[in-house]
Structures are given as C-alpha cells and as structure tokens.
Amino acid sequence: MQYDQLLRKKLLGKLSPEEAHLFQQWLSISEENQQLYNRLLELHREGVSIPHFDGQQPSALWKQLLQKVEERKRRRLVRKKFIYRYAAIFVGLLGLLGAYFLWISDKYEQQTPSSGIALELSNGQIYSLTEIENEELLDENGKLLGIKKEGRLVYSGRDTDQTLLYHTLHVPNGKQFELQLSDGTYVHVNAGSSVRYPVNFVNKEVRKVFLTGEAYFEVVRNKQHPFVVTNGDVDIQVLGTQFNVSAYADDLEVGTVLVEGAIRLSESGQTNDVATTLAPGQKATWNKEAKKLSLKEVDVQRHISWREGKLIFRKVDFKSITKQLQRKYNVQIDNRYSALDERIFSATFDEETIEEVLDTFVEETYFEYYFKNEKIIINTPNEHLKQNANE
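Residues numbered from 1 in each chain as written. Predicted model: local features only at pLDDT ≥ 70, side-chain atom pairs only at ≥ 80, totals over all residues. Heavy atoms only, no water.

Quick look at the overall build of the protein chain now. When its secondary structure is counted, the protein chain shows 11 helices and 23 strands. Only carbon and sulfur atoms are counted for the fraction: they give 45% of the accessible area of the protein chain, which is about 20000 Å². (Helix = DSSP H or I, 4+ residues; strand = E, 2+ residues; numbered from the N terminus. Areas by Shrake-Rupley, 256 points an atom, 1.4 Å probe, with all protein chains shown as cover.)

Ranked by internal contacts, the top residues of the largest apolar core, which has 39 residues, are Leu-169, Tyr-197, Phe-217 and Phe-243. By size, the runner-up hydrophobic cluster in this structure holds 23 residues, among which are Phe-318, Leu-340, Ile-354 and Ile-376. (Core = buried A, V, L, I, M, F, W, Y, C linked by side-chain atoms within 4.5 Å. Buried < 20%, exposed > 50% of the residue type's maximum accessible area, 1.4 Å probe, protein only.)

This next bit is on the pattern of salt bridges. Within the structure shown, the criterion is met by nine salt bridges. For Arg-152, the salt bridge goes to Glu-178, with nearest N and O atoms at 3.1 Å. Here Glu-178 lies in strand 7 (residues 177-180) and Arg-152 lies in strand 5 (residues 152-155), a separation of 26 residues in the sequence. Residue classification places Arg-152 among the partly exposed residues on the basis of a relative accessible area of 24%. Several salt bridges share partner residues, and in doing so they unite Asp-250, Asp-251, Lys-323 and Arg-327 into one network. (Salt bridge = Lys/Arg side-chain N within 4 Å of Asp/Glu carboxyl O.)

One open sheet holds the three strands; their spatial order is 20-23-22, and the pairing between them is mixed. Each having just a single partner strand, strand 20 (332-335) and strand 22 (368-372) make up the two edges of the open sheet. Adjacent strand axes in the sheet meet at a mean angle of 20°, parallel and antiparallel pairs treated alike. Bridge count between strand 22 and strand 23 (residues 375-379): five bridges; the pairing is antiparallel. Paired with Tyr-370 across the strands is Ile-377, a residue of strand 23. Along the sheet face, helix 8 (residues 318-329) touches strand 20 and strand 23 and points at about 160° away from the line of strand 20. Contacting strand 22 and strand 23, helix 10 (residues 354-364) runs over the sheet at an angle of about 160° to strand 22. (Pairing = 2+ DSSP bridges. Axes fitted to C-alpha atoms, helices over the stretch in contact; angles between N-to-C directions. Contact = heavy atoms within 4.5 Å.)

Before going further, it helps to spend a moment on the packing of aromatic side chains. Tallied over the full model, the rule gives 12 aromatic pairs. Look at Tyr-166 and Phe-210: their rings are 6.1 Å apart centre to centre, the planes differ by 65°, and that puts the pair in the edge-to-face class. Note that Tyr-166 is positioned in strand 6 (residues 166-171) and Phe-210 in strand 10 (residues 207-218), a separation of 44 residues in sequence. Among the residues examined, Phe-210 registers a relative accessible area of 29% and is labelled partly exposed. Taken together, the ring pairs connect Phe-313, Phe-318, Phe-345, Phe-349, Phe-361, Phe-367 and Tyr-369 into an aromatic cluster. (Phe/Tyr/Trp six-rings, centres within 6.5 Å; stacked < 30°, edge-to-face > 60°.)

Set out below in structure tokens:
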C-alpha cells in the first residue's frame, strides 16, 4: 500500500495495527511529513473531505482541496497563506518521498515507532509508547507489568516482588496520556508533564508519586496507605478523592483544585500538623518564592477542562495564556509585543487550530504574527495596519 493511501485511511480512522506501524514510521522520517499530516488533519477537522489520492496530480488535488476551503470560508476562518505553504510541501512530497516509504515498509518490524510519549524504566531504559492499542508492557527481564489499551497504560498490580521500582512517564507538548497505577488509581497526564511512580506499591510504603507538570488524579481509597503527590515544593496527601495538580517547573505557582473528597497540603518535608485541608471546589495556590499558601473558591470545570481538550480562560493575562498554548499545540511562541503580555482575556477554545485561536485574540487586541522556522513570532502592529483593521 502506498503512503498516500495510508494518509487518507489515517485521517478517516481506518488504519489496521499493521498499517499504523507503517504510518508512524513514515511520519518519523522528517519534519515535513509531520507538517503535511498536521495540515491535512486541520483541513479534515474543518470539514474539508479528503479525496482519494490515487492517480491525481498534486496540483489537481490541492486545487480541489482549496476549492472546498473557499466554499467554507464564510463559515470558518481559514488562512490561505498557510494552505499554500503546506501545499508546496505536499506537492514535493508526493513526488519525492515514495522511495522513503518503500524503505520504511521493509524496516518497520526492526524499529519501534514513537508517538513522542516515552516510558522510562527503573534501569534507565526508554520505552516508546506507540499509538497501537493492546501493547504488552514488559520489564527488562520479559516479565509482564501491564498492558496499554484504549489509550491508557494499565499496570496489573499482580507482581508480588517487594522491591520498590519506579517508572517515569514523559508526555511531551501537544499530547495527553492516561495511567492506571497498580492500586487502581487513575492519572490523566497533561501535555509537557512527567509522572514518576512505583511499578507496584509495596504494602509497607506510603503510596507516593512525583509530578512535574499537570495531572488529574482519581485515587483509590486506602486508609492504611495514604496516597501522596509531590512536586518537591508541596506534598498533597489523600485517602481517596479526585483532584487536579498543576506544577510546571516554569510556573511561579503550584495550583491544586479539589473536585471531591478531602486532601491535605503542606510544604514538602513538613509534618501533617501544619497541613492545610481543602474542601471540594477550593483551589490551593503555593507561591514557590514566597513559600506561602492561599485558598479560594473556584469554578472547578475551568481547571479540569483540559482533559477534554478544552482551554477555558477567565480574566487571564496573555503571558500565561501563551504558556498553555505552547503546551497544548506543541509550538513555540516568541512574543515581541511586550504590552500584550499584560493584556487580560476571557475565551473558551475546543477544537480550534492554533491559527484560529490567535486570530480570536487578534480580533480583540490587534497584533501581527507569522510562522518562522516552526516558531510563531508575535510583533507589535504597524500603525497603518492598525488603522486599516479599525476601519
């Protein structure tokens, strides 16, 4: 099967496990392949049906796609400059990358395709988690630890070894992943985050995991063995509850939102008698520099909507917004319009592309942006362009 057919089947969600292996190998060949797929996926999500590629000249195919985009232009904003940019890439790929794909077809069994999500084993070995379902997770000795199914890595908890061994899950920007730990605790890990956890909770130990980034926890209740989440600044102790923790290394604050149950927070290393207890609907914010904890009532849904792929901003400054956009869309944003950083916005996004998100902010506060070397550059608007935008 040719790679152009696999592209179409991928967009339609009809790849078999074997075809998915081939597709992931082709995708990893170059950045251009990833760009091509991303742009076709954007068009597909925008309602543009992707035709069969067989027998079509590249120029004819893209003319057909662009005509469909034009038909939807009034209902949804689509920037033609980006379409033509990726059209040029696509034309070249159709003519030049067929040989690469044939090579990959011969080699895919010898290599493990990567989705970018990596699992670090206790011996330092890195295991790439693919997009293939029902993968068995084996340790370095071939022992079955768990299985990856339905987009979640599930640990069996059947291992009777009393040695405390840790795995670390690394989720890059632009991705999310789910874990079910050996005690049944569910962890939904957000983009740009890492979680270090025991392969099997040894009975004599507190159930302790280490978080960098953001994750949503649904903890299985066990009074004899409390569950603790720590990021090195704050320890969060629970018996059984649901809560969200945002503890990115580049953020000044660590935020914990309690959905249900009860949790206690304290500075790492402190005893429970100085801990602060949260009630459902409350957010605890720990300032790393001031080493101070504050509590307030919040809209819980706004803080956990990322699990559904949504971004909800309520009176948030643009500087903070760009951090979340970079994680969700796996892009770099270089804002050279300093006055924009402190501008406050409220907005909700779901399936919008990064261009559509930025265009929404442009409509509210005019600025210019463009793509350069896989980076988004935001510039101060020229005065005459600002005047034109206001006319």
